[in-house]
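# Descriptive analysis of the structure
For reference, the chains in residue letters:
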Amino acid sequence: VIRIALPKGRNLEPVLGALAAGGLDLSSFDPGKLRQELVAGVELLLLKDWDLPLYVEQGIADVGFVGTDVLAELGADLLQPARLAAGHCRMCLIGTAAELPREGEQVRVATKYPAWSKRLLADRPWGVELVTLSGSVELGPLLQLADLAVDIVQTGRTLREHGLVEIAELAEIAPCVVMGKASFHHHRGELLELLERLDEAGVLS
Ligand code: PRP
């Protein structure tokens, strides 16, 4: 049995689209079930994005799909053989005005991604104090909890709705295929076949 870990968040739709394009029969897929046998030999796990790397690292899931944002923040020790063509978005510095901080200025930056933000904002000519939030990061600069925020922008709708602007793009983000090293050795044939089918379907980038 191959166990595939799917992320519950923003990447679920592009991942399901990619798997369907790759020939997996999803007609029995139930988004309300955390664990389900899809077809004979294929079991799906529906996991919180932030927990998914751990399940794959531990070999509980053989293969998973998760955003490179989560991988960058967690620093997971996983094989990352491919990225999907769909579901791309970007990590941005956002604020109430399209202005970078002045040289020497000290700014507070709200984010759900403190470790990655620290790396992304290193070597700036201004100082950063990170404020770690677990969601609704846009409210940080809006309510002056922070001066700026580092957050995901996809369609730009959230920014527009809150009167915020993108000051700078810091990184591109994509849904990524992840495999544990031990699982890869154990299920090499099936996992390579899955990758090949995704590749042939043109859903990898
Ligand atoms: C992200 C981000 C924004 C939104 C941006 O949240 O925090 O709220 O998506 O997307 P948009 O540009 O298409 O409006 P996400 O959905 O990842 O979940 P979260 O609210 O848990 O952070």
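First, a word on scope: everything that follows refers to the structure included in this document. Just so you know, these numbers come straight off a predicted model, no measurement behind them.

### Brief notes about the pattern of salt bridges
A pair can form between side chains of opposite charge whenever their charged atoms are brought close. Scanning the model with the defined rule gives seven salt bridges in all. Among the salt bridges present, the one from Arg35 reaches Glu43, with a minimum N-O distance of 3.2 Å. Measuring nitrogen to oxygen at the nearest pair gives 3.6 Å for the salt bridge that ties Arg90 to Glu169. Pair noted here: Arg90 is in strand 6 (residues 89-95) and Glu169 is in strand 10 (residues 165-173), with a separation of 79 residues, a long-range link. Residue class for Glu169 comes out partly exposed when judged on its relative accessible area of 45%. Within the structure, one salt-bridge network assembled from shared partners comprises Arg3, Arg35 and Glu43.

### So, the sheet that holds strand 10
If you trace the five strands from one edge of the open sheet to the other, you get 8-7-9-6-10, paired in mixed fashion. The sheet terminates laterally at strand 8 (127-132) and strand 10, the two strands that pair on one side only. Each strand axis lies, on average, 30 degrees off the axis of its neighbour in the sheet, ignoring direction. The pairing of strand 7 (residues 106-111) with strand 9 (residues 148-153) spans three bridges and is classified as parallel. Counted as the bridge partner of Ala110 is Ala149 from strand 9.

### Here we look at the site of the ligand
Lining the immediate environment of the ligand, one finds Arg10, Lys112, Glu138, Asp151, Ile152, Val153, Gln154, Thr155, Gly156, Arg157 and Thr158. Contact distances for the ligand include 2.7 Å between an oxygen atom and a backbone N or O atom of Gly156. At 2.5 Å from an oxygen atom of the ligand is found a side-chain nitrogen or oxygen belonging to Thr158. Considering the ligand on its own, with 500 Å² of exposed area, one finds that the protein chains cover 69% of that surface. In this structure the site holding the ligand corresponds to the largest pocket. Contributing elements (two or more residues each) for the shell around the ligand: strand 9 and helix 6 (157-161).

### What to know about the side chain of Glu73
Along the polypeptide, Glu73 turns up in helix 3 (residues 68-74). Within the buried core, Glu73 has no salt-bridge partner, and the shortest N-O distance to an opposite charge, that of Arg119, equals 6.0 Å. A distance of 3.0 Å separates the side chain of Glu73 from the backbone nitrogen of Ala115, its partner in a polar contact. Among the polar contacts made by the side chain of Glu73, one reaches the main-chain amide nitrogen of Trp116 at a distance of 2.8 Å. Excluding its chain neighbours within four sequence positions, the residues that come into contact with Glu73 are Trp50, Tyr113, Pro114, Ala115 and Trp116.

Scoring rules and cut-offs
- Residues numbered from 1 in each chain as written.
- Predicted model: local features only at pLDDT ≥ 70, side-chain atom pairs only at ≥ 80, totals over all residues.
- Heavy atoms only, no water.
- Salt bridge = Lys/Arg side-chain N within 4 Å of Asp/Glu carboxyl O.
- Helix = DSSP H or I, 4+ residues; strand = E, 2+ residues; numbered from the N terminus.
- Buried < 20%, exposed > 50% of the residue type's maximum accessible area, 1.4 Å probe, protein only.
- Pairing = 2+ DSSP bridges.
- Axes fitted to C-alpha atoms, helices over the stretch in contact; angles between N-to-C directions.
- Near = heavy atom within 4 Å.
- Polar contact = N/O pair within 3.5 Å; in protein donor to acceptor, adjacent residues only side chain to side chain.
- Areas by Shrake-Rupley, 256 points an atom, 1.4 Å probe, with all protein chains shown as cover.
- 1 Å grid on protein atoms, 1.4 Å probe; cavity = no way out; pocket = protein on both sides within 12 Å on 5 of 7 lines; lining within 4 Å.
- Sits in = over half its atoms within 2 Å of the grid points.
- Lys, Arg positive; Asp, Glu negative; His and termini not counted.
- Contact = heavy atoms within 4.5 Å.

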